[in-house]
2 protein chains.
Amino acid sequence: MVACLPDCSKLNWDVGESLWYYINMVFKFTCEYNGKNYQGFQRQNNGPSVQAVLEDALGRIFSQKIVIAASGRTDTGVHAMGQVCSFVVDTDMVWDLYKLAGSVNAFLPDDVAVRDFEIMEDGFNARFSVKSKSYIYRCYVGQVQSPLRDGFMLQLYKMPEVGFMQDAAKLLVGTHDFTSFSNVNTDKVDKVRTVTEFDVKLDGDEITFKISGNGFLRNMVRILVGTLLDVGYGKISVDDIKAIIDSKDREKAGQTVAAKGLYLMKVEY
Amino acid sequence: MVACLPDCSKLNWDVGESLWYYINMVFKFTCEYNGKNYQGFQRQNNGPSVQAVLEDALGRIFSQKIVIAASGRTDTGVHAMGQVCSFVVDTDMVWDLYKLAGSVNAFLPDDVAVRDFEIMEDGFNARFSVKSKSYIYRCYVGQVQSPLRDGFMLQLYKMPEVGFMQDAAKLLVGTHDFTSFSNVNTDKVDKVRTVTEFDVKLDGDEITFKISGNGFLRNMVRILVGTLLDVGYGKISVDDIKAIIDSKDREKAGQTVAAKGLYLMKVEY
């Protein structure tokens, strides 16, 4: 329980006012990571996870066991520019929010970094308080692998029809039952989600998909991108999209594209 | 000496005509690499080089010792999207140019790849035949390191004045003696070069410098970028640029910025 939490909304968090004395403080922070070397965000028994390295680093700084909540788990190999986490600390220390990121980063490996620590009102939870999330998925087109992009983008061997993909993306915006676009191994019962934005942009030999929504099912972004690529290559027609949604059949949608092209960009609360 | 080289300019290198029988063929190819794990392009005694891995892979394919010429050496840690190399092979085999890149890439590590093999006229040399080269230098602005960009861009802790840097860049375009912007340890006597393009672009929190010219002295791009950053941070004024050029004094220009932000993008012949 919060012992002496002032009304955060009235604080001006400039340098002069960044030092505060709390007990059971709720912290929120943003983190960026290269997912390549991790078995996903969530702590695992069988391999390194982003959650484990974050909790270990925070534990050293706060000298206690820290358990973080994240906006969502990212899968093995998925990257994040703007994953958001929260945790509660029982502390009677004074913390300088501006120095905290630097201190925590000193205990993190090079492929994970934290920034933008904030103190939140009691009850804030990075998982349950999410309003919307944005992802991008990145591809490059080329017959030959590109060493500078290979860990960060999916290689496409030929150029898909971007116009068709853009048309199909528009049909996926809105509130739908996304069962067809979800990994069948999921414990979620309600598969209705709202996609507020789904853009496809071609820039030189690179294609970037940008998608935002109020929530995403397991593998949903990667299956949506795989489905659009099938549209781009003529395996699925734009007119089929509605039927695929209505079928609620994972078999009807496209493949799950590789994790390395996916980035969790932004989470809003 | 070339035994049976047809007039390349008259050939249409589509699939049907890509199989040819030559002796002492001059090959040109483009390569891309992540410079992180290499002591630069040039073969070294004390560490891995891009040249060594390329020559080893080509040597396996052509079953002979291959010595490649490159458009220029890139320094330790510098990346390339479009390095161009050439080499001469004594061969009586038939080579399919379209399959050659794939064969060579099979023997290359993941951080180096080749593409776009061409057969050139006798006398072509990727080093001596260069007409112009283009580089980019990439930075991001942030107080906290960015794991997804750290190996590929220079971190700037605060935003420089981009407008001032753009003004200074314009003054560096043209034919000048670039002694002030060259590593003093160089065997080049003539330090006059022509810079044809020098752009500075801000996109979100990323700044990209693009420079093209007929040739570049040792560390020249990195010193030019370092000098512009000094302008952006007010350490050097735009009006000083002409005096720095005229001084022919390396001490007057800015620092040599880190190699990891530099990319050789394109070489023209």
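At the junction of the two partners, chain A supplies 22 residues and chain B supplies 22 residues. Taken over both partners, the interface formed by chain A and chain B buries close to 1,500 Å², and the fraction arising from carbon and sulfur atoms is 71%. Put simply, chain A and chain B have 0 salt bridges between them. Inspection of the chain A/chain B interface yields 4 residue pairs in polar contact (both at pLDDT 80 or more). Of all the secondary-structure elements, those providing two or more residues to the side of chain A that touches chain B are strand E2 (25–33), strand E4 (79–89), helix H2 (97–105) and strand E6 (112–120) of chain A. Of all the elements, E6(A) adds the most residues to the side of chain A that touches chain B, at 4 residues.

Our next topic: the pattern of salt bridges. All names here are of chain A. Scanning the model with the defined rule gives 28 salt bridges over all chains in all. The salt bridge partner of Asp75 is Arg222, with a shortest N-O separation of 3.3 Å. Of this pair, Asp75 sits in the loop between strand E3 (69–70) and E4 while Arg222 sits in helix H4 (residues 220–232); the two residues are 147 residues apart in sequence, bridging distant segments of the chain. In this structure Asp75 comes out as partly exposed when scored by relative accessible area, which is 27%.

All names here are of chain A. Within this structure, the stated rule accounts for 27 aromatic pairs over all chains. Ring centres of Phe27 and Phe87 lie 5.2 Å apart, and the angle between their planes is 10°; on these two criteria the pair is classed as stacked. Residue Phe27 is found in strand E2, and its partner Phe87 is found in strand E4; the two are separated by 60 residues along the sequence. Here the two residues Phe27 and Phe87 agree in accessibility, since each one is buried. What links up through ring pairs into an aromatic cluster is the set Phe27, Phe29, Phe62, Phe87, Trp95 and Phe117.

Our next topic: the packing of helix H1 (residues 50–62) of chain A against H2(A). All names here are of chain A. Contact pair H1 / H2: the axes reach a minimum separation of 9 Å and the direction vectors enclose 120°. Considering the angle they form, H1 stands oblique to H2. The crossing of H1 and H2 is right-handed. On H2, the residues that touch Ala57, Leu58, Ile61 and Phe62 of H1 are Leu100, Ser103 and Val104. Residue composition of the contact of H1 with H2, grouped by class: 6 nonpolar, 1 polar and no charged.

Its rotation angle being 180°, the transformation that places chain A on chain B also includes 0.0 Å of axial translation and leaves an RMSD of 0.0 Å. The operation mapping one copy onto its partner corresponds to a two-fold rotation axis. Most of the interface of chain A is mirrored in chain B, where 100% of its interface residues again form contacts.

This paragraph deals with the side chain of Asn183(B). Residues and elements named next belong to chain B. Among the structural elements, Asn183 can be located in the loop between strand E9 (174–177) and strand E10 (192–203). There is a polar contact of 2.7 Å between the side chain of Asn183 and the backbone nitrogen of Asn185. Contact partners of Asn183, with chain neighbours within four places excluded, come to Arg218, Asn219 and Ile223.

Our focus in this paragraph is a positive patch on the surface. All names here are of chain A. Where like charges cluster on the molecular surface, the positive patch consists of Arg73, Arg127, Lys188 and Arg218. Locating Lys188 in the fold gives a position in the loop between strand E9 (174–177) and strand E10 (192–203). Residue Lys188 is classed as partly exposed on the basis of its relative accessible area, which comes to 41%.

Residues and elements named next belong to chain A. Averaged over all residues, the pLDDT of chain A equals 91, while 92% of them reach at least 70. For the stretch residues 1–16, pLDDT sits under 50, and the model shows 32 contacts to residues farther than four places along the chain or on other chains. Scored as a complex, the prediction yields pTM 0.87 and ipTM 0.84.

Time to look at the pairing of E9(A). Residue and element names in this part refer to chain A. Burial along E9 is one-sided: the face carrying Gly174 and His176 is buried and the face carrying Thr175 and Asp177 is not. In the sheet, E9 pairs with E10 via 4 bridges, with the strands oriented antiparallel. Residue Asp177 lies in a different strand from E10, and its bridge partner there is Val192.

Within the largest apolar cluster, 80 residues are counted, with the highest numbers of intra-cluster contacts made by Phe27(B), Leu54(B), Phe117(B) and Phe209(B). When residues of this core are assigned to their parent elements, the largest contribution, 8 residues, is made by helix H4 (residues 220–232) of chain B. When near neighbours in sequence (up to four residues on either side) are disregarded, Phe117(B) contacts Phe27(B), Lys28(B), Phe29(B), Leu58(B), Phe87(B), Leu97(B), Leu100(B), Ala101(B) and Val104(B). Of all hydrophobic cores here, the second largest spans 79 residues; its members include Ala113(A), Ala126(A), Ile223(A) and Ala253(A).

Criteria and cut-off values
- Residues numbered from 1 in each chain as written.
- Chains lettered and ligands numbered in written order.
- Predicted model: local features only at pLDDT ≥ 70, side-chain atom pairs only at ≥ 80, totals over all residues.
- Heavy atoms only, no water.
- Contact = heavy atoms within 4.5 Å.
- Buried area = accessible area lost by both parts, 1.4 Å probe.
- Salt bridge = Lys/Arg side-chain N within 4 Å of Asp/Glu carboxyl O.
- Polar contact = N/O pair within 3.5 Å; in protein donor to acceptor, adjacent residues only side chain to side chain.
- Helix = DSSP H or I, 4+ residues; strand = E, 2+ residues; numbered from the N terminus.
- Buried < 20%, exposed > 50% of the residue type's maximum accessible area, 1.4 Å probe, protein only.
- Phe/Tyr/Trp six-rings, centres within 6.5 Å; stacked < 30°, edge-to-face > 60°.
- Axes fitted to C-alpha atoms, helices over the stretch in contact; angles between N-to-C directions.
- Parallel < 35°, antiparallel > 145°, perpendicular 65-115°, else oblique.
- Left-handed = near helix turned anticlockwise from the far one by under 90°.
- Nonpolar A, V, L, I, M, F, W, Y, C, P; charged D, E, K, R; others polar.
- Least-squares fit on C-alpha atoms with pLDDT ≥ 70 in both.
- Patch = residues over 30% accessible without salt bridge, like charges linked within 9 Å, V, L, I, M, F, W, Y side chains within 5 Å.
- Areas by Shrake-Rupley, 256 points an atom, 1.4 Å probe, with all protein chains shown as cover.
- Lys, Arg positive; Asp, Glu negative; His and termini not counted.
- Charge placed at Lys NZ, Arg CZ, Asp CG, Glu CD.
- pLDDT = per-residue confidence, 0-100.
- Pairing = 2+ DSSP bridges.
- Core = buried A, V, L, I, M, F, W, Y, C linked by side-chain atoms within 4.5 Å.

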